[in-house]
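In case you want the letters, here they are:
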Amino acid sequence: HNDILCGFLVVKDENLIEPVFKASMAEGGTLDPFDSWLVLRSIKTLGIRLEKQQANAFEIYKFLKTSDKVEKVYYVGDPDHEGYEISRRQTTGFGGMISFSVKDAETVPDLLNHLRLILFAESLGGVESLITFPLMQTHGEIPEALRNKLGINDRLLRLSVGIEDAQDLIEDLEQALR
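Residues numbered from 1 in each chain as written. Predicted model: local features only at pLDDT ≥ 70, side-chain atom pairs only at ≥ 80, totals over all residues. Heavy atoms only, no water.

Draft legend 1. Main features of the layout of surface pockets. The volume enclosed by the largest pocket comes to roughly 610 Å³. If you trace the largest pocket, you find 23 residues lining it, with Ile-4, Leu-46, Arg-49, Leu-124 and Gly-125 closest to the centre. At seven residues, helix H2 (residues 33–66) tops the list of elements feeding residues into the lining of the largest pocket. Grouping the constituent residues of the lining of the largest pocket by class yields eleven nonpolar, ten polar and two charged. Of the pockets and cavities examined, the second largest pocket occupies roughly 260 Å³. As for the second largest pocket, its lining consists of Gly-7, Phe-8, Leu-9, Ile-17, Val-20, Ser-24, Gly-28, Gly-29, Thr-30 and Leu-31. Considering only residue class, the lining of the second largest pocket consists of five nonpolar, five polar and no charged. (1 Å grid on protein atoms, 1.4 Å probe; cavity = no way out; pocket = protein on both sides within 12 Å on 5 of 7 lines; lining within 4 Å. Points joined across faces, edges and corners; volume = space filled by probe spheres on them. Helix = DSSP H or I, 4+ residues; strand = E, 2+ residues; numbered from the N terminus. Nonpolar A, V, L, I, M, F, W, Y, C, P; charged D, E, K, R; others polar.)

Now the structure itself:
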């Protein structure tokens, strides 16, 4: 639902959890009752949300692969992606995250300014589709040499696909890429 951020620690050996439990009791870092309720509420619909996000992401991936404005699409559901085989073996789906590079850096502001349905914002995995520009947002403080090594440049965009209608999302991207 995109309104809680937390993590879980799962261990096989009960002895491994004891130091973590003691630290959490002494120092905090645990969820309060309301946040715990948000997690429980969100887990109830997680499966169906992920199914829809993954289905949408696959349709968007196919669209982006055919766009003449897009140079490369990074999606683990692409059989040509380096992580495809391991993901196929270890997961039941390919998720809702897509990164893509446009051919021309001038396309980025035009795209971001013309999107109507997909929001330009930093977040991941919500019910709404969001797009980020990592160079200026999430990875802006990373040293340039490392950004270059990682492929984070002025043409890379990252899309967290939501549960809206896939065709509506594709049409939004299509009109913004004109």
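Draft legend 2. Region of the structure containing the environment of Asp-165. As for its placement among the helices and strands, Asp-165 is situated in the loop between strand E5 (156–160) and helix H6 (166–176). Linking Asp-165 and Asn-56, residues 109 residues apart in sequence, is a C-alpha distance of 7.5 Å.

Draft legend 3. Region of the structure containing helix H4 (residues 107–114). Where H4 is concerned, the buried positions are Thr-107, Val-108, Leu-111 and Leu-112. Down the axis of H4, the buried set is contained in an arc of 125 degrees. They therefore lie on one face. Structurally, H4 contributes buried residues whose contacts are with strand E2 (97–102), strand E3 (119–120), strand E4 (130–132), E5 and H6. (Buried < 20%, exposed > 50% of the residue type's maximum accessible area, 1.4 Å probe, protein only. Arc of directions from axis to C-beta. Contact = heavy atoms within 4.5 Å.)

Draft legend 4. Structural context of the pairing of E2. With five of six residues buried, E2 is to be regarded as a mostly interior element. The sheet contact formed by strand E1 (residues 70–74) and E2 spans four bridges and is antiparallel. Across the sheet, the residue bridging to Lys-72 is Ser-101, located in E2. One ladder, built from five bridges, connects E2 with E5; its direction is antiparallel. Among the inter-strand pairings, Ile-98 is bridged to a residue of E5, identified as Leu-159. (Pairing = 2+ DSSP bridges.)

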